[in-house]
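Here's the letter readout for the chains.
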Amino acid sequence: DKDAYMQEESDFVGHAVHELNTPLTSIRGYSDMLASMGELNDMQKQFLGVVKNNSQRMQDLLSDFRYLNKLRKETLRAEPKMDMVKNISMKLEKSFTERAEEMKRTLEFDIPSGLPYLNVDTELLGIAMDKIVENALRYTKEGEGVIKISARGEDGYLVTTVEDNGIGMSEEELAQLGTVYFRSDRDEVNAYKGSGLGIPLAFGIVDLIGGEIDVQSEVDNGTTVTIRIKGMG
C-alpha cells in the first residue's frame with residue numbers, strides 16, 4: 001500500500017545518504033591533505049578547488065535529503081532551548097558575510113536589543129534561516145543586491161524578516177514555493193545550480209518548531225520572507 005511504499009522509500013533514502021557520506025568525507029579529507037603538502041601551481045590549485053567545492057556541495061545536498069527525509073517520516077525532533085535572537089543572527093553573519101562579499105552583494109543586519117527570548121531548537125531555526133538567506137543572495141544582482149535581515153518584537157512574538165531587492169517571483173511561482181524539487185524555469189534561476197530542496201526544508205522546519213512563515217514577492221521587485229515565532233514570557 002501507499003504507506004508501506006513511503007516507508008520503504010524513506011528507508012532507502014536514509015541508507016543512501018549514509019553510504020554516500022562516507023566516501024565524501026574521505027574525499028574532503030584527502031583534498032585538505034593535498035592542499036597542505038607544499039607548493040601547488042595555479043592549475044593544481046584550481047583542480048583542487050573544484051574537487052573541494054563539489055564535494056562540499058554534495059555533502060550539503062545529502063544533508064538536505066537527510067533532514068527532509070526525517071521530516072517526511074516525522075522522526076525529526078526539535079530540542080528547544082532558551083536563546084537570544086542576537087546569537088542566531090551572529091551565526092548567520094559569520095556564515096554569510098564572506099560569501100556575500102565574494103558574490104558582490106550587500107548583507108545588512110538590524111537586530112535591536114530588547115527582543116523576546118526564544119525557547120526553540122536554534123540549530124534547526126538556523127538551518128531554515130540559512131536556506132532563506134542563501135536564496136536571497138543567489139537571486140539578487142551582482143553589485144546591486146542588498147539583503148536585509150531584521151527582527152522585531154510584536155505582541156509576544158519574534159518577527160524576523162529577510163528582504164531582498166532581487167528578481168522576485170510571479171504568483172504562479174509563489175504558489176509552487178515549498179514544493180519539493182520545484183525550481184522556476186527562468187534564466188536567472190537556472191544560472192545557479194540548485195536542487196529545489198532548500199525552501200521546502202525551511203518551510204518544514206519552521207512548521208516543526210511551531211513558527212509561521214509568509215512570503216511576499218513580485219517579479220523584479222524582490223522578495224520578503226517573514227517568520228513569526230512565539231517568544232518566552
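Parameters at a glance
Residues numbered from 1 in each chain as written. Predicted model: local features only at pLDDT ≥ 70, side-chain atom pairs only at ≥ 80, totals over all residues. Heavy atoms only, no water. Pairing = 2+ DSSP bridges. Helix = DSSP H or I, 4+ residues; strand = E, 2+ residues; numbered from the N terminus. Buried < 20%, exposed > 50% of the residue type's maximum accessible area, 1.4 Å probe, protein only. Contact = heavy atoms within 4.5 Å. Salt bridge = Lys/Arg side-chain N within 4 Å of Asp/Glu carboxyl O. Patch = residues over 30% accessible without salt bridge, like charges linked within 9 Å, V, L, I, M, F, W, Y side chains within 5 Å. Areas by Shrake-Rupley, 256 points an atom, 1.4 Å probe, with all protein chains shown as cover.

Draft legend 1. How the structure looks around the pairing of strand β6 (residues 212–217). Bridge count for β6 against strand β7 (residues 223–230) is six bridges, and the pairing is antiparallel. Its bridge partner being in β7, I213 is matched across the sheet by I227. The hairpin formed by β6 and β7 contains five residues between the paired strands, and D220 there has a positive phi angle of roughly 70 degrees.

Draft legend 2. Region of the structure containing the environment of G145. Here G145 is to be found in the loop between α4 (122–138) and β4 (146–154). For G145, a relative accessible area of 1% gives the class buried. Along the chain, G145 and V225 lie 80 residues apart, while their C-alpha atoms are 16 Å from each other. The contacts of G145, once residues within four sequence positions are left out, are R105, T106, T140 and N165.

Draft legend 3. Focus on the pattern of salt bridges. In the structure shown here, the tally under the stated rule is nine salt bridges. Notably, a salt bridge pairs E142 with K104, separated by 3.8 Å at the nearest N-O pair. With E142 in the loop between α4 and β4 and K104 in the loop between α3 (85–103) and β2 (106–110), the pair connects residues that are 38 residues apart, well separated along the chain. With a relative accessible area of 53%, E142 lands in the exposed category. Residue classification places K104 among the exposed positions, given a relative accessible area of 51%. Two residues, E134 and R138, come together in a salt bridge whose shortest N-O distance is 3.8 Å. In this pair, E134 and R138 both sit in helix α4, four residues apart, roughly one turn of the helix.

Draft legend 4. Quick peek at a nonpolar patch on the surface. A contiguous nonpolar patch, built from Y30, M33, L34 and M37 and spanning about 430 Å² of accessible area, is present on the exposed surface. Its place among the elements puts M33 in helix α1 (residues 2–35).

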